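Remarks on the overall topology
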Amino acid sequence: MRNYTTWLVAIALGASVAPAWSSDDTTSTHASGLREIPDSELGAMRGRYIVGDNRVAWFGVTMVSNWVTSAGQSIQSAVKLGFDLRGAKPEVSFQPSVTITEQTPALAATAGTGEVDASGLADVGGLVQSVQVAGDGNIARNGMSLQVRDGEVPVAAANTSSTTVADMTLNGAHARASLEDGGVRILLQVAGQGAAEQWIDAGSIGQSIQLAGNGQAVGNQLQLDLVRQSVPSSQTIHQNLIQAIGMTRAGGI
């Protein structure tokens, strides 16, 4: 799953890597005729590869982070990112959104007394999930899912502006959703209570929650969607030929 997920993300973000699976006529133990490619072989391969007569037609990312504080304040950051890969050039759609509600005056939040340090996550690549809690009565959850299906490409909502950042601050709470620095990132911060973050870029996919206060309820949810469509037989032959030539060159022949 690690290699396969990394391949999907790299396709969407324009990186040059190989998939985690390849056809192998000599493998008789698998009815599907697929085998996992080891990391040593993946490291020497470049390009985009397809198994069978399917192609990646659409890749989507949905990220949502929710936070309910002990004072009753509700904060949310969300993004929807889609890559339509059916044409010669990918078409990208991006929708950021942030919301913050007022806190309950009778339940005004107090600054937390704990401390958390997530600086070490900057040195981690691949798939990252982290929860750090230094308070009492907190609820924290990271969730991630991958859906691969065949069928029609979802209809992307029309972009009404070129906005790539949504940002809001209210009563000590900060919510941000952005498409920048070659990746997508959403962030929730509450003064004295902690932070929650999600991101996806060419180097990693991550979810992080740091809570320094008490009575906080925080959740991160990230979903990856991949839609495949059949390729016409004539196009399949052409693609197989190009891939064969590329592999021959990679092998130094």
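The structure presented is a predicted model; accordingly, all values stated were derived computationally and were not measured. (Residues numbered from 1 in each chain as written. Predicted model: local features only at pLDDT ≥ 70, side-chain atom pairs only at ≥ 80, totals over all residues. Heavy atoms only, no water.)

On to the pattern of salt bridges, then. Here the structure, examined in full by the defined rule, presents 5 salt bridges. Across the salt bridge formed by Arg-228 and Asp-150, the nearest N and O atoms sit 2.9 Å from each other. Taken together, the residues Arg-228 in strand β13 (residues 217-230) and Asp-150 in strand β7 (residues 139-150) connect sequence positions 78 residues apart. A residue is classified by how much of its surface remains accessible, and Asp-150, at 47% relative accessible area, is partly exposed. In this structure, Arg-176 and Asp-167 form a salt bridge, with 3.1 Å as the shortest nitrogen-oxygen distance. (Salt bridge = Lys/Arg side-chain N within 4 Å of Asp/Glu carboxyl O. Helix = DSSP H or I, 4+ residues; strand = E, 2+ residues; numbered from the N terminus. Buried < 20%, exposed > 50% of the residue type's maximum accessible area, 1.4 Å probe, protein only.)

Time to look at unusual backbone geometry. One non-glycine residue, Asn-171, adopts positive backbone phi at about 50°. Tracing the backbone through its elements, the reader meets Asn-171 in the loop between β8 (165-170) and β9 (173-180). Residues other than glycine seldom take positive phi values, yet Asp-181 does so here, at roughly 55°. Mapped onto the elements, Asp-181 comes out in the loop between β9 and β10 (183-190).

Further remarks concern the confidence of the model for the protein chain. Across the protein chain, pLDDT averages 76, with 62% of residues at or above 70. Within the protein chain, strand β1 (residues 21-23) has the poorest average pLDDT of any element, 39, and β8 the best, 95. Confidence drops under a pLDDT of 50 for residues 1-32, and excluding neighbours within four residues, the segment shows 70 contacts in the predicted structure. (pLDDT = per-residue confidence, 0-100. Contact = heavy atoms within 4.5 Å.)

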